[in-house]
Amino acid sequence: MRVELPLPTRVPIDGRFEIDDTCIDCKLCNDLAPENFDADLDNDVHYVCKQPETPDELERVLDAFESCPTESIRYSAGPTEE
């Protein structure tokens, strides 16, 4: 189960950015943060290829998060390992 977290304000981040299945492959996230988003050409969707590691990357990912027309980018805690 994923738990939505408040958006991070600095790195390192506590959660994970992910793109859900509502992605329409508009490519905006990749345009805004090309080091962090990539395309799955076989399925016409984008995915997070790298979590932000620098303040600049975090700023770009947050810009993509806020700009996504389908609100497909999520920031959440991953499942706990037991």
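Note: the structure precedes this text.
Residues numbered from 1 in each chain as written. Predicted model: local features only at pLDDT ≥ 70, side-chain atom pairs only at ≥ 80, totals over all residues. Heavy atoms only, no water.

Looking at the overall build of the protein chain
Along the protein chain, the regular secondary structure elements total two helices and five strands. Starting at the N terminus, the α and β elements of the protein chain follow one another as β-β-α-β-β-α-β. Here the C-alpha radius of gyration of the protein chain, 12 Å, is about what a compact globule of 82 residues would show, namely 12 Å. Counting only C-alpha atoms and orienting by the principal axes, one finds that the protein chain spans roughly 35 × 30 × 20 Å. Counting only contacts in the protein chain whose residues sit at least 6 apart along the sequence, the fraction spanning at least 24 positions is 64%. Element-wise, carbon and sulfur atoms account for 48% of the exposed surface of the protein chain, whose accessible area totals about 5,600 Å². For the protein chain, the centre of its 7 positive side-chain charges and the centre of its 21 negative side-chain charges are spaced 3 Å apart. (Helix = DSSP H or I, 4+ residues; strand = E, 2+ residues; numbered from the N terminus. Rg over C-alpha atoms; globule rule 2.2 N^0.38 Å. Contact = heavy atoms within 4.5 Å. Areas by Shrake-Rupley, 256 points an atom, 1.4 Å probe, with all protein chains shown as cover. Lys, Arg positive; Asp, Glu negative; His and termini not counted. Charge placed at Lys NZ, Arg CZ, Asp CG, Glu CD.)

Considerations on the pairing of strand E5 (residues 73-77)
On a regular strand, each side chain points to the face opposite its neighbour's, so the side chains alternate between the two faces of the sheet. Here strand E1 (residues 3-4) pairs with E5 via two bridges, running antiparallel. Residue pairing in the sheet places Glu4 in a bridge with Ser76 of E5. Of the pairings in the sheet, the one linking strand E2 (residues 16-19) to E5 comprises four bridges and is antiparallel in character. Considered in E5, the bridge of Glu18 is made with Arg74. (Pairing = 2+ DSSP bridges.)

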